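Observations on the model geometry
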Amino acid sequence: GETPLIPEAVVSASQAAASSGVADPAEQLSRRLLHLAQVASSPDARSLMSPRVMQAILWALARWADSFLLPEDSSGNMHHAVLQVSIPASLMTSFGGAE
């Protein structure tokens, strides 16, 4: 199957943000997605949300985790070593990893 990867445009935007000292768009998007999942899992929201919307939120969260936090590899850093695409440093710092 397909190996989930961070889109090159997101990596470029993160690198540009890091070099110019502005907020990292990948980190902002990640935080918003996690917040959406948190809100969607609240008891009040669950009673208002359709199963299809909840399914879409969970799919997006799973895809995000596969791409940004839990890349499939056996050597420790497939994105950098094999595909020469690195996980943005701000994501590694914000979500518990180390580059």
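What comes next is a walk through the structure. Because the structure is predicted, anything quoted here is derived from the model rather than measured.

Moving on to the pattern of salt bridges. One pass over the structure, following the stated rule, counts 1 salt bridge. One salt bridge in this structure joins Arg-31 and Glu-27, with 3.1 Å as the shortest N-O distance. Placement of both Arg-31 and Glu-27 in helix α2 (residues 25–40) is noted, with a separation of 4 residues, approximately one turn of the helix. Overall, the relative accessible area of 43% leaves Arg-31 in the partly exposed class.

As a further point, take the nonpolar core. Core analysis: the largest hydrophobic core is formed by 7 residues, namely Ile-6, Val-11, Ala-26, Leu-33, Trp-64, Ala-65 and Phe-68. Counting residues per element, the ones that place at least two in this core are α2 and α4 (51–69). It is α4 that provides the largest number of residues to this core, a total of 3 residues.

Scoring rules and cut-offs
Residues numbered from 1 in each chain as written. Predicted model: local features only at pLDDT ≥ 70, side-chain atom pairs only at ≥ 80, totals over all residues. Heavy atoms only, no water. Salt bridge = Lys/Arg side-chain N within 4 Å of Asp/Glu carboxyl O. Helix = DSSP H or I, 4+ residues; strand = E, 2+ residues; numbered from the N terminus. Buried < 20%, exposed > 50% of the residue type's maximum accessible area, 1.4 Å probe, protein only. Core = buried A, V, L, I, M, F, W, Y, C linked by side-chain atoms within 4.5 Å.

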